[in-house]
Every structure is written in C-alpha cells, then in structure tokens.
There are 2 protein chains.
Amino acid sequence: MLKEKNISSETIKRLIIYLRYLDMLRKRKIKVISSENITSYLNVQPSQFRKDLSFFGEFGKRGVGYDVENLAGAIEKILGLEDEIDVILVGVGKLGAALVQYSGFKKINVRIAACFDKNPEKIGARVGSMVIEDIKNAGKIIKATGIRVAVICVPVEEAQPVAEHIVKLGIKGILNFTPTVLVLPGSVYVSNVDMASELGNLIYYLKK
Amino acid sequence: MLKEKNISSETIKRLIIYLRYLDMLRKRKIKVISSENITSYLNVQPSQFRKDLSFFGEFGKRGVGYDVENLAGAIEKILGLEDEIDVILVGVGKLGAALVQYSGFKKINVRIAACFDKNPEKIGARVGSMVIEDIKNAGKIIKATGIRVAVICVPVEEAQPVAEHIVKLGIKGILNFTPTVLVLPGSVYVSNVDMASELGNLIYYLKK
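All values reported here derive from a predicted model rather than from experimental measurement. (Residues numbered from 1 in each chain as written. Chains lettered and ligands numbered in written order. Predicted model: local features only at pLDDT ≥ 70, side-chain atom pairs only at ≥ 80, totals over all residues. Heavy atoms only, no water.)

Thoughts on helix α5 (residues 68–79) of chain B
No. 1: With 12 residues, α5(B) should reach 16 Å at 1.5 Å per residue; the first-to-last C-alpha distance of 16 Å fits that figure.
No. 2: Residues Val68(B), Leu71(B), Ala72(B), Ala74(B), Ile75(B), Ile78(B) and Leu79(B) constitute the buried set of α5(B). Taken around the axis of α5(B), the buried residues stretch over an arc of 165°, which confines them to a single face. Within α5(B), the exposed residues directed more than 90 degrees away from the buried face are Asn70(B) and Lys77(B).
No. 3: In this structure, the buried residues of α5(B) make contact with α10 (195–207) of chain A together with α2 (9–27), β1 (32–33), α4 (46–54) and β2 (66–67) of chain B.
No. 4: Capping of α5(B) at its N-terminal end is provided by Asp67(B); its side-chain oxygen lies 3.1 Å from the backbone amide nitrogen of Glu69(B).
No. 5: After α5(B) finishes, the residue Gly80(B) shows a positive phi value of roughly 70°. (Helix = DSSP H or I, 4+ residues; strand = E, 2+ residues; numbered from the N terminus. Expected span 1.5 Å × (residues − 1). Buried < 20%, exposed > 50% of the residue type's maximum accessible area, 1.4 Å probe, protein only. Arc of directions from axis to C-beta. Contact = heavy atoms within 4.5 Å. Polar contact = N/O pair within 3.5 Å; in protein donor to acceptor, adjacent residues only side chain to side chain.)

Below you can see the structure in the form of structure tokens.
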C-alpha cells in the first residue's frame, strides 16, 4: 500500500502535525502562512513541507503563502479525518483510563466507542462517561459496530494474546501502547506509541 | 550534534526497539539471533539493522548471527542507559499519574524522581509511591538534583508557559505529551509523544 502510493507514514504523521499547527493559527485568527513560518517550529525543512503536500496536489500561492483555513481543510480531507472514526480500547488500567479521556483523539475526530477489561472488579465501572465492558463481549460489539481499530494498553505480558484475540474478532489496525513487539499477520497494521523510546532518544542526545 | 555524528534520532529510536526485542529474547533464553530474525517483526530491513549498528562498531559474526546478551549490553552502553537517569514530571492529571507508574521508563533505567502540579488539591497527595510537589518548588528541586530532563503532561493551553518556566530553571530536554508545538530556544531538545498522530496515521492506512 505504502509503495503503491509512495506516501510514507512519516509524511502522514507530519500532515497531522501541520494540521495541529494550522489549528493553533486558526485560533489566533492568522489567515495566511508561509512554508518557512509553518515549518520553523516543527523541526521540518520548508522543502520537506512542500514535498509532503505535493503528493496530494497544489496548495499555496508562490510569493503569498498558504491560506490557513483552506490548507487545514485540505489536510483533514487527505487524512480522512472529516468523518468521525470509532475505535475500541482494551485494558483500562491507569494509562487506558487516561487515554479514554485524552482530548487529542477528539481533535482528530476519533472517538473511543467502547473500552474493555478482563478484571471483574473493573467491568461495569465508569471511566469518564463510559462503562467498562467485559472483554468477553468484544466480539459482539466489534461485529455490531464494524469497528476495525483498537488501542491496546494492557499489561505487557498480555499484549500478544489480546492482540491475537481481537484480530480474530475483526480488528485490522492496532495502536499499541505496550512496550513490546506484537507478532501479527501482515494484513494487520500495527502502530506503536513508544513513550520510553522517545525518552531514551532524548536522553541520548542530552548526554552527547 | 546530529550532523556531527551523522546518527539520526531514527537510528537511536530503533536501537531502543532492538534492545526491547533482545530483552524479550533474553527472557526466552534465546542466545543467538540473525539480523533477518531480529528485524522480521520490527518493520525494519535487515540491511537497516546492520547499518544502524555499523555506526557504533562491529557486532555479530557472519554466518552465525548476534549474541543476544552481548548485543543487548552493547546497545545499552551506546544509549547510555546503564546508569539510572532521573527526570521530573510536570502535570499530574490522569495521563501524568499513569506515566509516573509506567513500567516502560524503568526498563530503560529512567526514574521519575519528582512530580509537580499547580493544583492545591493535588499538592501533597500521593501518586504511587510519590508525593506531588508544588510547581513553585521546581526550581529548588531541579537545582538540588541537577535534573535536566522533564516530562510535560499539563493541559494543552499550559504547555508553552510551563515549558518556558522549567527551561529557565535549567531543564535542557523535554518529553512533550501535550498535543501542541512548543516554541523554545534551539538549545533545548524537545521530543513529542504524539498519540493522536500515531492513531491518525493508522486510520489513514486502513481507509486506503
């Protein structure tokens, strides 16, 4: 898929970050922006920014810049974020509970539609406005809703069996918050949020 | 710094992921591993793996593979993770509280040594084994401990002023969990953990 389109996941992630910056500009009532300005705080070269956009068409006017509102709308469309997407979350521990209420997901039009745990003491309890469901009901809920994306934040030793289980139930994309490598069929798209690796990276550069 | 050494932060992050995988192999008592095997589940090409290691010396034996224990030790040394590093955390909301107790940081030998909030109702309360400190005491604690790295998970609108404040107090590296772009002096190293952008990326590819 990536090769066909020749659009890397790095490009897609940058588009989301551009969108976030454009959102900030919208709030500040800034109407037009240059590629130099938009990239100056994002650790991205202006040429990279222009290249990222070039995959999708022509944006901006030479010598004028980019219309903030138009560009934000175009990126939302590219990313398919105009329509709300429902996902499930598995593992309502401390991190899971925090993610259920995380505002950043709402910003990209993602809604956690159901959350699951296997701990009987948690099942039926509330987290924010949601009730924690028994993981045994995941199959039913996935089938009824057609949800294909799951966020996993179970304990690390449960990550692999939980991932295999939900893939069998129809999940096609997993956002993995556990610090482990999931071994799954190639047809499943796994994205890892690796909080420790970001921190390790930061420390490496500070030590040098 | 990056240019001098010609080692990208992508390489460093991959090293941390290799290390995690080697840890799993160690636990499973696997002694020797090929570059094909180590990379097959990590979305990395064997050639990339060998290139990443080549920056730091010679590892592995042609036709034999890599000694798991030796390679893990070497990567820990490269990353400077043999010695425990203390960091502070600012903003003990739901996500902050989850991060204080997040096991992945311990795995890379990072310890959250102090956590801060400005909410009087939180100051003095416990989160895990820690007491939440008044942000007003951050200067004193940073000075006394020599800590240079901070994890920020305050509400998004407070991220910029909080970051500026702790940079004045001596912080040189920030792991930013807020979905915003921090505008700071070039001497400060900022790393963003962007949970929404990973999820957006996942959804983009599933939609195509």
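That shown, we press on.
Details of the relation of the copies chain B and chain A
No. 1: When chain B is brought onto chain A, the operation consists of a screw motion whose angular component is 180° and whose axial shift is 0.0 Å, with 0.0 Å RMSD remaining. Look at the turn and shift together and you get a two-fold axis relating the two. Scanning chain B for the C-alpha nearest the rotation axis identifies Leu95(B), at a separation of 3.2 Å.
No. 2: Here 100% of the contact residues of chain B are again contact residues in chain A; the copies associate through an equivalent surface. (Least-squares fit on C-alpha atoms with pLDDT ≥ 70 in both.)

Things to note about the state of the cysteines
All names here are of chain B.
No. 1: Counted by the stated rule, this structure contains zero disulfides over all chains.
No. 2: Cys-153 provides the cysteine sulfur closest to Cys-115, a residue in no disulfide bond, and the two sulfurs are 9.4 Å apart.
No. 3: What makes Cys-115 buried here is its relative accessible area of 0%. (Disulfide = S-S within 2.5 Å.)

Quick word on helix α10 (residues 195–207) of chain B
Residues and elements named next belong to chain B.
No. 1: Look at α10: 19 Å from first C-alpha to last across 13 residues, which is about the 18 Å you get at 1.5 Å a residue.
No. 2: Within α10, 12 of the 13 residues are buried, which leaves it mostly tucked inside the rest of the structure.
No. 3: Those residues of α10 lying buried are Met-195, Ala-196, Ser-197, Glu-198, Leu-199, Gly-200, Asn-201, Leu-202, Ile-203, Tyr-204, Tyr-205 and Leu-206.

So, the environment of Pro46(A)
All names here are of chain A.
No. 1: The topology assignment puts Pro-46 in helix α4 (residues 46–54).
No. 2: Linking Pro-46 and Glu-36, residues 10 residues apart in sequence, is a C-alpha distance of 5.3 Å.
No. 3: Sequence-distant contacts of Pro-46, that is, excluding residues within four places in its chain, are made with Ser-35, Glu-36 and Thr-39.

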